[in-house]
Amino acid sequence: MLTLLSMFYYICLRRRSRSGTRGEALTSRRAVESGQRAVLPVSVEVKQYAKEVLDFSSHYGSENSMSYTMWNLAGVPNVYPSSGDFTQTAVFRAYGTWWEQCASAPLPFRRIPNDFCSQDYIELGFEEPVYPTAVEVFETYYPGAIVQILACSHNPFSQNPPTDVRWEVLWSGEPTKALTPQARQFAPKIKHINFPTNLLRLEVNSSLLDYYTELDAVILRGVKERPMLALYKMPLIDISDLSDSEEELSDIGAPFRQGGDGKHQRTGNGYFDKLPYELIQLILSHLTLPDLCRLAQTCKLLHQHCCDPLQYTQLSLQPYWARLSDASLGHLQSRCTLLQRLNLSWTGNRGALTLTGFSSFMKACGLSLVCLEMSCCHFLNEACVEVISQTCPVLQELNLSSCDRLHPQAFTHISKLTHLRRLVLYRTKIEQTAILNILTFCTELRHLNLGSCVRIEDYDVVASMLAARSRSLCSLDLWRCRNLTDRGLAELVSGCRMLEELDLGWCPTLQSSTGCFQQLARCLPQLRKLFLTANRTVCDSDIEELAACCPSLQHLDILGTRLVSVASLKKLLQSCPRLILLDVSFCSQLDTRVVQELSGLFPKVAIKKSFTQ
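If you check an unreviewed UniProt entry, the protein chain appears there as F-box and leucine-rich repeat protein 4 from Kryptolebias marmoratus.

If you want it as structure tokens, here you go:
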């Protein structure tokens, strides 16, 4: 076998030598004969910064400005080599584990592969396709969040529709926590691939970081001429290879065979056949989805167990976003008749999923579905949302976060899902008529996220409707809603007194002088999380009212206020024993020395104070 492979390599090298130089062929041949990796052909390395930000899952900034947005990653560095908190950088929406502790956080899915830990992503387009030799990321604040770098075969600037889109992992690692928050140039050793690319994807996990990670620029280095790589590669088995053909399955899983004397004989499975059905099911429940699909191809007994619908009551396909297709859903369809929780986030983009494949799966598997996660699913259109509303009669949770290409008209169908309890519409184009319609019919809502929904014209009207129709609301995210006034906030907190989480970050029209924040504290005694980020009017009276009325407070963000003193903060820290997060960045009365003193007095509280060099 080794001799045949050597001959095959030699033939390929001879063919290459006809188009390349004699020196390149001899060098490559010597490398193969000596058992070494072939060296790259002599070629000029191209260095290029990102031309365009193509897609991303979240960002701290708004849709109408450049501050803290992902669009800052295009072009040359704005900040590097400086370190600190700068508005000209790209910042994701979340960090740490605070978000997972909130009541609005969804339950985790089972069967997540150990090597998948990505929480956010960004895709970048570059001018020229190259064979990558290096990727460099300029991290200017709290580095260590990048866990994966991928390259795509599709040219995002091509006029032709994508066909046979391939993603290859250039580098992957675990989330880390740098010793200091100082800037660095992250340049991991990447894997060589056999196609040119001008589309990179960075995936991040900020769970170990003490504050928001900030990225400034990305460099792609590469050569235009294809390097010599290993010509033989072991095939990969993925979730699309799920043949259930009886002819391809061994029958060694049958518990008994009938002998010539009419008596049953053991078939050689040993004691495995004696295990209770439920115990085998429990063992298989710990396998990842690809492993379960591979095991189903080994024998009839395990095929029966692996295809049992009880193994598929919840299914997360997000880790397999790069390989999922209509065919994958088709193979899984017969196994998911009892499906209750489904995660399709990040899947289906660039033509991988179609309306036909998605509709067929939902019609077969949506009857018992109570949770559907579809963050960043850009294949979604109005017809898809209509299918969801028709096939999922008991749906309680729907996440359409960052489905920013979905037409506003599509959201009108959500009002048919009258059992909804959790609805995430962060960074979508939902308009006021649609959200009012949803609130009219979906009266069981407990968690609602309207962060960065810039097309809603009057949030006061929405707040009034929430107060009238959603009195059991537990969490509400109004991050960067730009027209909520004290009148709307007063109606909201008077009607929704069960609120535990309220995000009013970057809502500039709210003024403390109206008494709205003090009324908020008095009306919401169960409050656990309150974000008043970048509201410069928050003052000592507001903090003291929170200390007196909200003893269960756990997370408080008052970044940017100039009117809060050390005395009121001490009173808050003493009165709220459950407090674990307090962000006082850019609070002019609270310098680093004060923060260190408070951290010493209250060591269980993570007090955040960002800096700029």
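Don't stop here, the text continues.
Next up on the list: the packing of aromatic side chains. A full pass over the atoms with the stated rule returns 19 aromatic pairs. Aromatic side chains Tyr-60 and Tyr-212 sit 5.0 Å apart centroid to centroid with 70° between the ring planes, which places their arrangement in the edge-to-face category. Of the two residues, Tyr-60 sits in the loop between strand 2 (52-56) and strand 3 (90-91) while Tyr-212 sits in the loop between strand 8 (197-204) and strand 9 (214-223), which places them 152 residues apart along the sequence. The pair formed by Tyr-60 and Tyr-212 is uniform in burial state, with each residue classed as buried. Note on Trp-167 and Trp-321: the rings are 5.2 Å apart at their centroids and 75° apart in plane angle, and the pair reads as edge-to-face. One end of the pair, Trp-167, is in strand 6 (residues 167-172); the other, Trp-321, is in the loop between strand 12 (314-316) and helix 6 (326-333), with 154 residues separating them in the sequence. One aromatic cluster in this structure is built from Tyr-60, Tyr-68, Tyr-95, Trp-98, Tyr-141, Tyr-142, Tyr-211, Tyr-212, Trp-479 and Trp-506. Sitting above the plane of the Tyr-121 ring, Arg-201 keeps its charged end 3.8 Å from the centroid. Taking NZ or CZ as reference, Arg-480 lies 4.3 Å from the ring centre of Trp-506, over its face.

For the structure on display, the rule yields 25 salt bridges. Among the ionic pairs, Arg-487 bridges to Glu-491, the shortest N-O distance being 3.6 Å. Of this pair, Arg-487 and Glu-491 both sit in helix 11 (residues 486-495), 4 residues apart, roughly one helical turn. Residue Glu-491 is classed as partly exposed on the basis of its relative accessible area, which comes to 31%. Salt bridges here are not isolated pairs; linked through shared partners, they connect Glu-123, Arg-201, Glu-203 and Arg-350.

A separate point is unusual backbone geometry. Looking along the chain, the bond that leaves Tyr-80 and enters Pro-81 is cis, with omega of 10°. For Pro-81, the location among the structural elements is in the loop between strand 2 and strand 3. Here the phi dihedral of Cys-376 falls at roughly 60°; this positive angle occurs in a residue that is not glycine. Summarising the element assignment, Cys-376 is placed in the loop between strand 14 (371-373) and helix 8 (382-391). According to the relative accessible area criterion, Cys-376 is buried, its value standing at 0%. The phi torsion at Ser-452 lies on the positive side, around 60°, for a residue other than glycine. Topologically, Ser-452 is positioned in the loop between strand 17 (447-449) and helix 10 (459-469).

On average, the protein chain scores 88 in pLDDT, and the residues at 70 or more come to 86%. Taken as a whole, residues 1-41 scores under 50 in pLDDT and shows 33 contacts with residues more than four places along the chain or in a different chain. Per-residue pLDDT stays below 50 along residues 262-266; that stretch engages in 10 contacts with residues further than four places along the chain or on separate chains.

On to the pairing of strand 5 (residues 146-152), then. For strand 5, the buried fraction is high: 7 of the 7 residues fall into the buried class. Bridge analysis of strand 5 against strand 8 gives 5 bridges, and the strand direction is antiparallel. Paired with Ile-149 across the bridge in strand 8 is Leu-202. The pairing of strand 5 with strand 6 spans 5 bridges and is antiparallel. Residue Leu-150 lies in a different strand from strand 6, and its bridge partner there is Val-169.

Attention shifts here to the sheet that holds strand 14. What the 12 strands build is an open sheet, ordered 12-13-14-15-16-17-18-19-20-21-22-23; its pairing is parallel. Single-partner strands in this sheet number two, and they are strand 12 and strand 23 (606-608). Adjacent strand axes in the sheet meet at a mean angle of 5°, parallel and antiparallel pairs treated alike. The pairing of strand 18 (residues 475-477) with strand 19 (residues 501-503) spans 3 bridges and is classified as parallel. Its bridge partner lying in strand 19, Asp-477 is registered against Asp-503.

With respect to the helices, strands and loops of the structure, Leu-54 is situated in strand 2. It is 9.6 Å that separates the C-alpha atoms of Leu-54 and Met-70, two residues lying 16 residues apart in sequence. Apart from residues lying up to four places away in sequence, Leu-54 is in contact with Glu-123, Leu-124, Gly-125, Pro-156, Phe-157, Leu-199, Arg-350 and Arg-405.

A large share of strand 9 lies buried, amounting to 10 of its 10 residues. Sheet topology places strand 1 (residues 46-49) next to strand 9; 4 bridges connect them, and they run antiparallel. Counterpart to Val-46 in the pairing with strand 9 is Gly-222. Note that strand 3 and strand 9 share 2 bridges and pair antiparallel.

Every buried residue of helix 11 is accounted for by Gly-488, Leu-489, Ala-490, Leu-492, Val-493 and Gly-495. In this structure, the buried side of helix 11 is in contact with helix 10, strand 18, strand 19 and helix 12 (516-523).

The subject of this paragraph is the packing of helix 7 (residues 355-365) against helix 8. To describe two helices that pack against each other, one gives the angle between their axes and the distance between the axes. At a minimum axis separation of 10 Å, helix 7 and helix 8 run at an interaxial angle of 5°. Of the possible angle classes, the one that applies to helix 7 and helix 8 is roughly parallel. Each of Leu-355, Phe-358, Ser-359, Met-362 and Lys-363 in helix 7 lies in contact with helix 8, whose residues at this interface are Ala-383, Cys-384, Val-387, Ile-388 and Thr-391.

Conventions and cut-offs
- Residues numbered from 1 in each chain as written.
- Predicted model: local features only at pLDDT ≥ 70, side-chain atom pairs only at ≥ 80, totals over all residues.
- Heavy atoms only, no water.
- Phe/Tyr/Trp six-rings, centres within 6.5 Å; stacked < 30°, edge-to-face > 60°.
- Helix = DSSP H or I, 4+ residues; strand = E, 2+ residues; numbered from the N terminus.
- Buried < 20%, exposed > 50% of the residue type's maximum accessible area, 1.4 Å probe, protein only.
- Lys NZ or Arg CZ within 6 Å of the ring centre and 35° of its normal.
- Salt bridge = Lys/Arg side-chain N within 4 Å of Asp/Glu carboxyl O.
- pLDDT = per-residue confidence, 0-100.
- Contact = heavy atoms within 4.5 Å.
- Pairing = 2+ DSSP bridges.
- Axes fitted to C-alpha atoms, helices over the stretch in contact; angles between N-to-C directions.
- Parallel < 35°, antiparallel > 145°, perpendicular 65-115°, else oblique.

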